[in-house]
Amino acid sequence: MFTTTGSRGLYKAPLSKGLLLVLNGLTVMLTLLPQYQELFVYNLQAVTHQHQVWRLLCGRLVCLDVKDSFCSSLLIYNFRIFERRFGTRKFASFLLGTWCLSALMDFLLAQAFQFLFDYEVEELPAGLLAPVFSLFVPFYLSIPRMPVTQVLGHIHITNKSLVYIVGLQLLTSSPFMWLLALSGLVSGLYHSNVLRLQKLLFIPSWVSRIGRYILEPLFSSSQPSSETPLGMGATLDIQRQQRMDLLDQQLLLAQYNEARRNTRQQPQPGLLQWTRLFPSLRHRGQNRPPMQPLVFFVFFGPQVARLVEMGFSRTDALEALRASNNDINMATNFLLQH
């Protein structure tokens, strides 16, 4: 029920892989060396009263709770699709921007809580939690919902359900985790470029080049092989893609022949000719004349235009529509993941 991301693992997601390895490794080390955990406590009072500003860095990177580290790692692994879609530099800029904004929001929300309920918040859960919660904003806005199954006939399970369940589990793990979640969701407005924050908080190009030459070789993953471990040919993903391509070709050829027959008959009244969009199944076959580019554009033109407006190239849009059998939601999901 995780968002369908194929079998590519952490390919083209070096930053996500680095976060998973480094941050989880530090969590394990602090578990084995508890005498150093005090250095990574996210203590708001120590920052404001004792001016220990370094706690903003140490306390907001490494999780001290193993359960928090596990749930946040699952979410980072799932949200790696944004690094593939937007690129490592833009993904890193998003994490940096939301990390800085959420640090400010943490203090503002803590002061608001003290003013409303006369209770001083001393500590917050440690770790890269607020930026992880901020990733739910583009996840909610950009990833289409695709139904998977139903429970008891009424509860719909989609491809995004398990992600929200893991987020809810992380939300309920600590008493003040809701404050970090609210801070992260508010800072997630960085995605919509409110107040032009993307021009103020971003990764400079020279830092990106340094990371590309130094860090990316350490955390990059090789491209998955097109063969199974037993050497028996294509993987299930490739076989499924081949079947979808074959069905797509049959559908397009049937639509083309149906359109040619309709041109010889009396045209239907109205602006939209439904017989061109829903040809009869008995006319579908493989031995049909090839489809011309003009007819291809007639059927895919509106969908291609919508995907191009979303920022995808025309070539990628056409490929995604062919792979998804002209389903605009599946095509959008395919493009976001690849």
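Residues numbered from 1 in each chain as written. Predicted model: local features only at pLDDT ≥ 70, side-chain atom pairs only at ≥ 80, totals over all residues. Heavy atoms only, no water.

### Focus: the packing of aromatic side chains
One pair of aromatic rings is described through two measures. These are the centre distance and the angle between the planes.
So, step 1. According to the stated counting rule, one finds 14 aromatic pairs in the structure shown.
So, step 2. Considering the side-chain rings of Phe113 and Phe117, the 4.9 Å spacing of their centres and the 40° angle between planes classify their relative orientation as tilted. Linking Phe113 with Phe117, this pair stays in helix H6 (residues 88–117), spanning four residues, or about one helical turn.
So, step 3. The class of Phe117 is exposed, set by a relative accessible area of 57%.
So, step 4. Connected via pairs of aromatic rings, a cluster forms that spans Phe79, Phe82, Phe86, Phe133, Phe136, Phe139 and Tyr164.
So, step 5. When the ring centre of Tyr77 is taken as origin, the NZ or CZ atom of Arg80, which lies over that ring, is 3.9 Å away.
So, step 6. Sitting over the face of the ring of Phe139, Lys160 holds its NZ or CZ atom 4.9 Å from the ring centroid. (Phe/Tyr/Trp six-rings, centres within 6.5 Å; stacked < 30°, edge-to-face > 60°. Helix = DSSP H or I, 4+ residues; strand = E, 2+ residues; numbered from the N terminus. Buried < 20%, exposed > 50% of the residue type's maximum accessible area, 1.4 Å probe, protein only. Lys NZ or Arg CZ within 6 Å of the ring centre and 35° of its normal.)

### What to know about the UniProt feature "transmembrane region" (unreviewed entry) in the protein chain
So, step 1. With numbering aligned to this structure, UniProt lists the feature "transmembrane region" (unreviewed entry) at residues 15–33, 91–112, 124–141 and 162–190.
So, step 2. Annotation note: span residues 15–33, helix share 95%, strand share 0%, distance between end C-alpha atoms 26 Å.
So, step 3. Counting secondary structure, residues 91–112 comes out at 100% helix and 0% strand; the distance between its end C-alpha atoms is 31 Å. (UniProt positions renumbered as here; feature names shortened; annotations may be inferred.)

### Focus on a nonpolar patch on the surface
So, step 1. Taken together, the side chains of Trp206, Val207, Ile210, Tyr213, Ile214, Leu215 and Leu218 define a hydrophobic patch exposed on the protein surface, amounting to about 770 Å² of accessible area.
So, step 2. The biggest single contributor to the nonpolar patch is helix H11 (residues 205–214), with five residues.
So, step 3. Position of Ile214 among the secondary structure elements: in helix H11.
So, step 4. For Ile214, a relative accessible area of 53% translates into the label exposed. (Patch = residues over 30% accessible without salt bridge, like charges linked within 9 Å, V, L, I, M, F, W, Y side chains within 5 Å. Areas by Shrake-Rupley, 256 points an atom, 1.4 Å probe, with all protein chains shown as cover. Salt bridge = Lys/Arg side-chain N within 4 Å of Asp/Glu carboxyl O.)

### Overview of the nonpolar core
So, step 1. Tyr42, Leu75, Phe79, Phe82, Leu124 and Leu307 are the most contacted members of the largest nonpolar core, which has 55 residues in total.
So, step 2. It is H6 that provides the largest number of residues to this core, a total of nine residues.
So, step 3. Setting aside residues no more than four positions away along its own chain, Phe79 makes contact with Phe91, Val132, Leu135, Phe136, Phe139 and Val163. (Core = buried A, V, L, I, M, F, W, Y, C linked by side-chain atoms within 4.5 Å. Contact = heavy atoms within 4.5 Å.)

### Concerning empty space enclosed by the protein
So, step 1. Under the counting rule described, the total for this entry stands at two cavities of 30 Å³ or more.
So, step 2. Lining the largest cavity we find 13 residues, and of these Leu23, Asn24, Ser69, Ser72 and Ser73 sit closest to its centre.
So, step 3. For the lining of the largest cavity, the elements supplying multiple residues, two or more each, are helix H1 (14–32) and helix H4 (66–78).
So, step 4. Here the lining of the largest cavity takes five residues from H1, the largest share from any one element.
So, step 5. When the residues that make up the lining of the largest cavity are grouped by side-chain class, the tally is eight nonpolar, five polar and no charged.
So, step 6. Of the voids in this model, the second largest cavity is the one considered here, and its volume is about 40 Å³.
So, step 7. Taken together, Tyr42, Arg60, Pro125, Gly127, Leu129, Ala130, Pro131 and Leu180 make up the full set of residues lining the second largest cavity.
So, step 8. At three residues, helix H7 (residues 129–134) tops the list of elements feeding residues into the lining of the second largest cavity. (1 Å grid on protein atoms, 1.4 Å probe; cavity = no way out; pocket = protein on both sides within 12 Å on 5 of 7 lines; lining within 4 Å. Points joined across faces, edges and corners; volume = space filled by probe spheres on them. Nonpolar A, V, L, I, M, F, W, Y, C, P; charged D, E, K, R; others polar.)

### Digging into the packing of H4 against helix H9 (residues 161–171)
So, step 1. Axis separation between H4 and H9 bottoms out at 9 Å; the angle between their running directions is 150°. In terms of orientation, H4 lies roughly antiparallel with respect to H9. At the point where H4 passes H9, the crossing takes the left-handed sense. Here Lys67, Asp68, Cys71, Ser72, Leu74, Leu75 and Asn78 of H4 come into contact with H9, specifically with Val163, Val166, Gly167, Gln169 and Leu170.
So, step 2. Its residues assigned to classes, the contact of H4 with H9 shows six nonpolar, four polar and two charged. (Axes fitted to C-alpha atoms, helices over the stretch in contact; angles between N-to-C directions. Parallel < 35°, antiparallel > 145°, perpendicular 65-115°, else oblique. Left-handed = near helix turned anticlockwise from the far one by under 90°.)

### A closer look at unusual backbone geometry
So, step 1. Phi is positive for Asn193, close to 60°, though the residue is something other than glycine.
So, step 2. Tracing the backbone shows Asn193 in the loop between helix H10 (177–187) and H11.
So, step 3. Residue classification places Asn193 among the partly exposed residues on the basis of a relative accessible area of 27%.
So, step 4. Backbone geometry at Arg196 places phi at a positive 55°, although glycine is not the residue there.
So, step 5. For Arg196, the location among the structural elements is in the loop between H10 and H11.
So, step 6. For Arg196, a relative accessible area of 53% translates into the label exposed.

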